[in-house]
Every structure is written in C-alpha cells, then in structure tokens.
Amino acid sequence: MKTYLKKSHVIIERINLDIDGARYRAKAVVGDAVEVSADIFRDGPALLQAVVRFKGPKDARWSESPMRNLGNDRFSGDFIPTSIGRYKVTIEAWTDHFGTWRRDLVRRVEANQEVGLEIEEGALLLERHLGLVPARVRDRLRRALSAIRAGSDETHRGFADERIAAILDPEIAAIMARHHMRLGSSTYKPVLEVTVDRERARFGAWYEFFPRSTGKEGAHGTFKTSAELLPVIAKMGFDVVYL
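Residues numbered from 1 in each chain as written. Predicted model: local features only at pLDDT ≥ 70, side-chain atom pairs only at ≥ 80, totals over all residues. Heavy atoms only, no water.

When you line up the elements, Asp96 lands in the loop between strand S8 (85-95) and helix H1 (97-110). With no salt bridge to any partner, buried Asp96 finds its closest opposite charge in Arg103, at an N-O distance of 9.1 Å. One polar contact links Asp96 to Gln49, side chain to side chain, over a distance of 3.3 Å. A polar contact is formed between the side chain of Asp96 and the backbone nitrogen of Gly99, at a distance of 2.8 Å. With residues up to four places along the chain from it excluded, the contact list for Asp96 reads Leu47, Leu48, Gln49 and His180. (Helix = DSSP H or I, 4+ residues; strand = E, 2+ residues; numbered from the N terminus. Buried < 20%, exposed > 50% of the residue type's maximum accessible area, 1.4 Å probe, protein only. Lys, Arg positive; Asp, Glu negative; His and termini not counted. Salt bridge = Lys/Arg side-chain N within 4 Å of Asp/Glu carboxyl O. Polar contact = N/O pair within 3.5 Å; in protein donor to acceptor, adjacent residues only side chain to side chain. Contact = heavy atoms within 4.5 Å.)

Okay, structure coming up:
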C-alpha cells in the first residue's frame, strides 16, 4: 500500500507543549497538573476522541488521560507528574464511530424516521467491541445486544422503543467511550518532553551574604558561623542562600 494511503484522517496540530518545533522542553512541577491542548480535526462531520499519553522517567509503560472537546476543534486534557525528571508526552486521536452513530440515531429518532437499519448498525458496533472491553462490563454489552435482537412489539415508537432505549443507554455510551477501538488513529510526532522539577523550582527568594561578615567581635566569619544565620534568614521568608 502506498504510504499516503496509510495515513489517518485525523490531524493533530498546534499542541501547546510544542515549543519551537520541540527544540525546547516545557517545564512543570511535580504534583501539579500539566495541561495539554491541541487542534484535532478530520474531514467530514464524524466525532473524535483523544487522549494524552505520557511516560515518566521510571515508567515502563505509557499512561493515558482523556481529553475533552472545548469547541472549534480544540481539545484539552492534563496529567499529573508524580516524580522529578523528564517526561515524554504525546497525543493520540481517533474517530469516535460509536459516538457519531449515536448522535445521528438520536437525530433520526427525533425526526420520527425509520431507524431499523441504524439500530442494526449499532448492534454490529457493539459486537465488534465485545473483545475490547474488560470482562466486568462485557456482560452489560451482551444484555444490550439481547434487548436489541429481541425486536420491538410495534406499540412503542421513538425513544420508547426497547431497542432504542437499550442502545442509547448512557451506561453503554460510557463503556464505549472508555474502550472504543482506535482503528486509524493518529499520534502526534515528534514525542514531546517535559522537564519536571521539585516544587522549589516554581519560585524562590534568594538571600546573598558574605561568610566572612558573619564573624563575631571582628573575627573572620566561616561556613560554620554562616550556618548559624540560616534559621534567621528562613524566618525572613527567603528560600535560597547565595554565598
């Protein structure tokens, strides 16, 4: 297959942590949330999902944090670094096929249109995801599929239709959002790096003095006499001593 045919429809650009084409690293403080935002879009009206992927200096695997759509193609998420060092950060985004289908089904039901084929399409999407969801929620998808396959008694229409109620259940939507297949996903490149420092790196007040001036009764001061002043300097609100 030609290289350009393998590319995803999803485009990720203008990520806030990309400083001068990744020439410089963004900085953060351990324990503080690091915001990650970017423009994410694709051709057509399909919905998208995205996650922040991050990996600490001692992590063997990547971790993920969901991103939310702020509107106008801008997505935002965050992660909290738990150790000092250099973190690797990127974004992965993909087409939300189930979310797109669900949105369109709601519109058709509201317009009193025939949705038999759409319901079957939704059932096929659930079946394709059975192998992707954890065992603890797999039975929930199976129960929804059973309700869909059971059909309708023709006395209930619109949102009262048992099939539509089962497949539009908010619990099903939440499960699919967490475990949606990522066929054709895009990952931002190059992988960005964030330097995570201790809390003192955020702000510090410096106090400068000469050790020789700490001596008593005209004696030349030493590092030992300088150390005796540290509690006094700290009490004044200074964080760093510069000699």
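What follows continues from the structure just given.
On to helix H2 (residues 116-129). Over its 14 residues, H2 runs 21 Å from end to end, which matches the ideal 20 Å to within 8%, given 1.5 Å per residue. The inward-facing, buried residues of H2 abut H1, helix H3 (135-149), helix H4 (162-167) and helix H5 (170-178). (Expected span 1.5 Å × (residues − 1).)

For the rest of this paragraph, the subject is the packing of H2 against H3. Where H2 meets H3, the closest approach of the two axes is 10 Å, and the angle between their N-to-C directions is 155°. Classified by the angle between their axes, H2 and H3 sit roughly antiparallel to one another. In this structure, H2 meets H3 at a crossing whose hand is left-handed. Facing Ile119, Glu120, Ala123, Leu124, Leu126, Glu127 and His129 of H2, the residues of H3 in contact are Leu141, Ala144, Leu145, Ile148 and Arg149. Taken together, the residues of the contact of H2 with H3 break down into eight nonpolar, one polar and three charged. (Axes fitted to C-alpha atoms, helices over the stretch in contact; angles between N-to-C directions. Parallel < 35°, antiparallel > 145°, perpendicular 65-115°, else oblique. Left-handed = near helix turned anticlockwise from the far one by under 90°. Nonpolar A, V, L, I, M, F, W, Y, C, P; charged D, E, K, R; others polar.)

Within the open sheet, the four strands sit side by side as S1-S3-S7-S6. Their pairing is antiparallel. Edge strands, defined here as strands with exactly one partner in the open sheet, are strand S1 (11-13) and strand S6 (68-71). The sheet shows a mean angle of 35° between the axes of neighbouring strands, taken without regard to direction. (Pairing = 2+ DSSP bridges.)

Below, the discussion takes up the pattern of salt bridges. For the structure shown, the criterion picks out 19 salt bridges. One salt bridge connects Arg86 with Glu193, and the closest N-O pair in it is separated by 3.8 Å. Linking Arg86 in strand S8 with Glu193 in strand S10 (residues 192-197), this pair joins segments that are 107 residues apart in sequence. By relative accessible area, which is 25% here, Glu193 ends up partly exposed. A salt bridge links Arg182 to Glu92, with the nearest nitrogen and oxygen atoms 3.0 Å apart. With Arg182 in the loop between H5 and strand S9 (186-187) and Glu92 in strand S8, this pair connects stretches of sequence that are 90 residues apart. Here the residues in one salt-bridge network are Arg25, Arg86, Lys88 and Glu193, joined through shared partners.

Burial analysis of strand S7 (residues 74-79) places five of its six residues in the buried class, the great majority of the element. Two strands pair when backbone bridges link them, and strand S3 (residues 34-41) and S7 are joined in this way by six bridges, in the antiparallel orientation. Bridging from a neighbouring strand, Asp39 pairs with Arg74 of S7. Pairing analysis gives three bridges linking S6 to S7, with the strands arranged antiparallel. Within S7, the residue paired with Gly71 across the bridge is Arg74. Counting the residues in the hairpin turn of S6 and S7 gives two residues, including Asn72, whose phi is positive at 55°.

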